[in-house]
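Chains, contacts and geometry: an overview
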Amino acid sequence: MTVAKVLTIAGSDSGGGAGIQADLKTFQELKAYGMSVLTAVTAQNTLDVHGVYPLTVSQVEEQLDAIGADLKPDALKTGMLFSAEIIEAVASKVKQYEINNVVIDPVMIAKGGAKLLQDEAIEAVKEHLIPLATVITPNIPEAEAITGLTLNTIADRKEAAKHLHELGAQCVVIKGGHGEEKEVIDIIYDGETFTQLLNERQYTENTHGTGCTFAAAIAADLAKGMSFLDAIRVARAYIQAAIEDDLHIGSGHGPTNHWAYQNRRVKV
Ligand SMILES: Nc1ncnc2c1ncn2[C@@H]1O[C@H](COP(=O)(O)OP(=O)(O)OP(=O)(O)O)[C@@H](O)[C@H]1O
Ligand SMILES: Cc1ncc(CO)c(N)n1
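Attention in this report is confined to the structure presented alongside it. (Residues numbered from 1 in each chain as written. Chains lettered and ligands numbered in written order. Predicted model: local features only at pLDDT ≥ 70, side-chain atom pairs only at ≥ 80, totals over all residues. Heavy atoms only, no water.)

**Points about the site of ligand 2**
The local shell around ligand 2 consists of Gly-11, Ser-12, Ala-18, Gly-19, Gln-44, Met-80, Val-107, Ala-110, Leu-116, His-208 and Cys-212. At 2.8 Å from a nitrogen atom of ligand 2 is found a side-chain nitrogen or oxygen belonging to Gln-44. Summarising the interface, the protein chains cover 92% of the accessible area of ligand 2, which totals 290 Å² for the free molecule. Residue composition of the shell around ligand 2, by class: six nonpolar, five polar and no charged. (Near = heavy atom within 4 Å. Polar contact = N/O pair within 3.5 Å; in protein donor to acceptor, adjacent residues only side chain to side chain. Areas by Shrake-Rupley, 256 points an atom, 1.4 Å probe, with all protein chains shown as cover. Nonpolar A, V, L, I, M, F, W, Y, C, P; charged D, E, K, R; others polar.)

Right, dumping it as structure tokens:
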């Protein structure tokens, strides 16, 4: 049996809905073997982020060296990277260990408003991270912060996608969760063609970690050899099920339901 191995480089969410925890749950549900490199510990629940504690660059590098020496990932997802120093170290190790199928979720701010990326690190995202991306998955505010554009319309979002492609990402997904439209519109650009994935907007508080989960699902299916468009379509179905069949955990923005997608596929 060939097992697809997928690595997440991200922060820990003690509340279990986002970050490393969301990524590993998603990998498991999509039948890929999950590995993790921690960049930071957050003290976090569904209401708020109480504290952010980054690891040192050498601690991040040592984890990547341990994996690189033994367990070559078939795909990588990056989430919260926190600082320019960690971004540069991660980019250099990704090149050293020749990791392909790289999904970059350029995490900047938690739903409660806490900063998960330092402002001065945006330049490092552009210079060191985006050129490695097979797929980059910004939400609307993240795409605005990286491109400097204001994204009001679908045409604005397409312009931003072109900009991110020019910075070196092979495929760009501008996620529509933060948009105003009745339907959620994710815009995909591969350098030639725009594809729009439309889904019914769910009116729920339980959307903590949607971005992490979506990007992790893309990485899991890239690791299994799917094309990026197919992997994005499956990821869209995975996150839609996870939002629809919500769990009502916690009293703030609750987590999504990571087993909903498989639940629907299991015939009883
Ligand atoms: N209310 C919703 N109903 C349906 N789909 C949604 C909803 N909110 C987000 N999504 C989908 O979930 C995925 C993640 O989108 P979103 O824009 O919320 O990411 P995000 O802001 O990075 O998430 P987070 O920072 O909370 O992890 C996208 O595919 C998006 O279309
Ligand atoms: C650790 C971590 N990563 C990402 C997010 C964004 O959802 C979060 N809230 N926490």
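**Quick notes on the sheet that holds strand β2 (residues 33-44)**
In spatial order, the strands read β3-β2-β1-β4-β5-β6-β7-β8-β9; together these nine strands make up an open sheet with mixed pairing. On the outer flanks of this sheet lie β3 (49-54) and β9 (194-200), each paired with one strand and no other. Sheet topology note: the strand β6 (residues 135-136)/strand β7 (residues 171-174) ladder contains two bridges and is parallel. Bridging across to β7, Ile-136 finds its partner in Val-172. (Pairing = 2+ DSSP bridges. Helix = DSSP H or I, 4+ residues; strand = E, 2+ residues; numbered from the N terminus.)

**Points about the pattern of salt bridges**
Following the criterion strictly, the structure yields 10 salt bridges and no others. Note that Asp-65 is salt-bridged to Lys-93, the shortest N-O span being 2.9 Å. Of the two residues, Asp-65 is situated in helix α2 (residues 57-68) and Lys-93 in helix α3 (residues 84-96); the sequence distance between them amounts to 28 residues. Residue Lys-175 is joined to Asp-105 by a salt bridge in which the shortest nitrogen-to-oxygen separation is 3.5 Å. Of the two residues, Lys-175 sits in the loop between β7 and β8 (183-189) while Asp-105 sits in the loop between β5 (102-104) and α4 (122-129), which places them 70 residues apart along the sequence. In this structure, Lys-175 and Asp-105 share a single accessibility class: buried. Ionic contacts of the salt-bridge type, sharing partners, join the residues Glu-244, Asp-245 and Arg-264 into one network. (Salt bridge = Lys/Arg side-chain N within 4 Å of Asp/Glu carboxyl O. Buried < 20%, exposed > 50% of the residue type's maximum accessible area, 1.4 Å probe, protein only.)

**Notes on the packing of helix α7 (residues 210-223) against helix α8 (residues 228-244)**
Packed helix pairs are characterised by how far apart their axes lie and by the angle those axes make with each other. Running from N to C, α7 and α8 point in directions that differ by 140°, and their axes come no closer than 8 Å. The angle between the axes of α7 and α8 places the two elements in the oblique class. The hand of the α7/α8 crossing is right-handed. Contacts from Thr-210, Thr-213, Phe-214, Ala-217, Ile-218, Asp-221 and Leu-222 in α7 reach Phe-228, Ala-231, Ile-232, Val-234, Ala-235, Arg-236, Tyr-238, Ile-239 and Ile-243 in α8. (Axes fitted to C-alpha atoms, helices over the stretch in contact; angles between N-to-C directions. Parallel < 35°, antiparallel > 145°, perpendicular 65-115°, else oblique. Left-handed = near helix turned anticlockwise from the far one by under 90°. Contact = heavy atoms within 4.5 Å.)

**Digging into the nonpolar core**
Leu-7, Ile-9, Ile-87, Val-90 and Ile-174 are the most contacted members of the largest nonpolar core, which has 40 residues in total. Among the elements that make up this core, the one with the highest residue count is α3 (six residues). Not counting residues within four places of it along the chain, the set of residues in contact with Ile-174 comprises Pro-138, Ile-140, Ala-143, Arg-157, Ala-160, Ala-161, Leu-164, Ile-185, Asp-186 and Ile-187. If you look at the next biggest cluster of nonpolar residues, it comprises 32 residues, including Ile-188, Phe-214, Tyr-238 and Ala-241. (Core = buried A, V, L, I, M, F, W, Y, C linked by side-chain atoms within 4.5 Å.)

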